[in-house]
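Each chain is listed here by its residues.
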Amino acid sequence: MRLALPRWSGTLAVKAAVFITVMCCALAALLGVLVHVSVTNQTVGEARDLALSRLREATAAYEAGDTLEWDAGVDPPDLPESLRALAVAGDRGTMVGAHRGRPAMWAAGPVDGNRALAVEVDYSQGARTIAGLDRAILWSSALAITATLLVGAFAVTRVTKRLHTTARVARRITAGDLDARVDDPRTKDASRPQDEVAAVAAALDSMAGSLQGKLLSEQRFTADVAHELRTPLTGLHAAAELLPPGRPTELVRDRVAALRTLTEDLLEISRLDTGRETVELDTERLAAVAERVVRASGTDTEVVVVRDLAVETDRRRLERVLGNLVANAHRHGRGPVSVTVDGAEVRVRDHGDGFPEYLVSHGPQRFRTEGGARGHGLGLTIAVGQAEVLGARLSFSNADDGGAVATLTLR
């Protein structure tokens with residue numbers, strides 16, 4: 001069973017926690033070693049000085065023929081062998097060892113040739129002092145590490161929460177919600193210190209505001225142009241109908257019809273951009289809708305029904321989406337073109353060169369086409385907009401064996 005982490009947790013928080021823990025452990029270990037070494041040297045030094053002082057007194061008493069004190073003796077059985085060898089070799093030395101099961105500081109020196117005179121000093125208190133110090137260092141280090149880790153984790157999580165909030169707002173803006181803002185309170189109060197996260201939040205809000213303003217200006221311009229074109233186009237259409245029959249008249253009427261279609265597409269896009277479109281729901285069977293769209297298109301398109309399904313949808317908008325996809329497949333692809341109904345999924349496929357890479361990655365873009373394709377890139381843009389109004393998802397891909405595939409998934 002995996003431990004569930006909070007939604008705000010992430011790589012930065014984990015790395016910060018690990019870094020703080022490692023640094024605290026390293027600092028605690030360094031300070032602990034320094035304190036341990038210092039106190040141990042002082043304690044051992046004091047015991048050594050006392051033992052050597054007792055050894056000098058015992059040596060003087062032994063050489064004078066006096067009776068040795070209870071803590072001195074020649075070749076005592078508990079004397080460490082390494083210290084005994086040092087004394088027999090003619091040198092004096094000290095060593096921490098044991099005497100009758102308790103810690104002792106031994107001092108030994110040479111007497112009578114191959115014998116060692118040794119003195120032991122009780123080292124129990126010093127050993128207890130060092131052991132108590134080590135325990136205190138371990139407990140205080142553990143408490144300090146825990147407290148530092150908690151404080152550091154609290155500080156880091158506050159930053160990561162703000163970063164996650166900023167990232168979430170950025171994703172909302174990417175998805176088309178241009179009203180989304182971070183609104184970090186630090187960016188609104190000049191008296192408060194501005195950290196790097198606040199600077200990023202302010203920059204993101206500023207970018208979103210600027211982007212929203214430019215898009216609104218573009219939408220207003222598109223709508224105004226389309227509305228302004230309607231009146232002269234109506235007059236132009238009426239004038240074209242009065243022209244005498246002939247090839248030039250047919251060309252004029254064809255161009256006027258194309259211009260009217262473009263104007264109507266622009267008006268539809270401007271309405272979709274406002275985000276205020278409403279749907280009129282009704283129960284429709286997808287196979288029947290697909291067949292109706294294909295008949296209305298007047299094209300040679302095959303309808304394949306894998307699994308029919310009745311859905312709650314707006315029939316007019318659904319037909320508009322499928323009609324644009326079928327028209328785009330015939331205009332920019334090659335036959336055979338098929339419409340496949342598989343439950344709540346409808347796929348429109350052709351066998352041409354496939355969608356451009358930018359369209360598969362980022363979706364259709366108005367007034368952008370590639371490879372000498374005819375049109376203005378508005379048909380697929382309208383299809384995507386109408387699909388969003390329906391609450392459906394329209395995706396684009398290329399088949400492995402060639403051809404473009406547009407998939408409409410209804411919810």
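Since we're looking at a predicted model, the values are computed, not measured.

Q: So what's going on with the sheet that holds strand S2 (residues 93–99)? Which residues, and what values?
A: Strand order in the open sheet formed by four strands is S1-S4-S3-S2, with antiparallel pairing between adjacent strands. Lying at the two open borders of the sheet, with one neighbouring strand each, are strand S1 (72–74) and S2. Strand-to-strand twist in this sheet, taken as the mean axis angle between neighbours without regard to direction, amounts to 30°. In this structure, strand S3 (residues 102–111) lies alongside strand S4 (residues 115–122), joined through eight bridges in antiparallel fashion. From the neighbouring strand, Met105 faces S4, where its bridge partner is Val121. The sheet strands contacting helix H2 (residues 81–88) are S2, S3 and S4, and the helix crosses S3 at an angle near 20°.

Q: Tell me about helix H9 (residues 378–390), and name the residues and values.
A: Over its 13 residues, H9 runs 18 Å from end to end, which matches the ideal 18 Å to within 8%, given 1.5 Å per residue. Buried residues of H9: Leu378, Leu380, Thr381, Ile382, Ala383, Gly385, Gln386, Ala387 and Leu390, and no others. Remark: Gly391 follows H9 within two positions and exhibits a positive phi of approximately 80°.

Q: Requested: an account of the domain arrangement of the chain, with residues and values cited.
A: With domains assigned, the chain is organised as domain 1 (12–148), domain 2 (205–274) and domain 3 (282–409). If you average the C-alpha positions of domain 1 and of domain 3, the two centres end up 87 Å apart.

Q: Tell me about the pattern of salt bridges, and name the residues and values.
A: On inspection of all chains with the given rule, the structure shows 13 salt bridges. Of the charged contacts, one joins Asp353 and Arg334 as a salt bridge, the two residues approaching to 3.4 Å between their closest N and O atoms. You can see Asp353 sitting in the loop between strand S9 (345–349) and helix H8 (357–362) and its partner Arg334 sitting in the loop between helix H7 (315–332) and strand S8 (337–342), a full 19 residues away along the chain. The structure contains a network of salt bridges with shared partners spanning Asp75, Glu81, Arg84 and Arg115.

Q: Mind laying out the nonpolar core, listing which residues take part and the relevant values?
A: Generally speaking, a soluble globular protein has its nonpolar side chains buried in company with each other. Ranked by internal contacts, the top residues of the largest apolar core, which has 31 residues, are Leu318, Leu322, Leu325, Leu394, Phe396 and Leu408. Elements with a contribution of two residues or more to this core: helix H6 (286–297), H7, S8, S9, H8, H9, strand S10 (393–398) and strand S11 (404–409). The leading source of residues in this core is H7, at six residues. Each residue touching Leu322, except ones within four places of it in the same chain, is listed here: Val289, Ala290, Val293, Val346 and Leu408. With 14 residues, the next largest nonpolar core counts Val44, Ala51, Leu55 and Ala58 among its residues.

What counts and what doesn't
Residues numbered from 1 in each chain as written. Predicted model: local features only at pLDDT ≥ 70, side-chain atom pairs only at ≥ 80, totals over all residues. Heavy atoms only, no water. Pairing = 2+ DSSP bridges. Helix = DSSP H or I, 4+ residues; strand = E, 2+ residues; numbered from the N terminus. Axes fitted to C-alpha atoms, helices over the stretch in contact; angles between N-to-C directions. Contact = heavy atoms within 4.5 Å. Expected span 1.5 Å × (residues − 1). Buried < 20%, exposed > 50% of the residue type's maximum accessible area, 1.4 Å probe, protein only. Domains from an automatic or database assignment. Salt bridge = Lys/Arg side-chain N within 4 Å of Asp/Glu carboxyl O. Core = buried A, V, L, I, M, F, W, Y, C linked by side-chain atoms within 4.5 Å.

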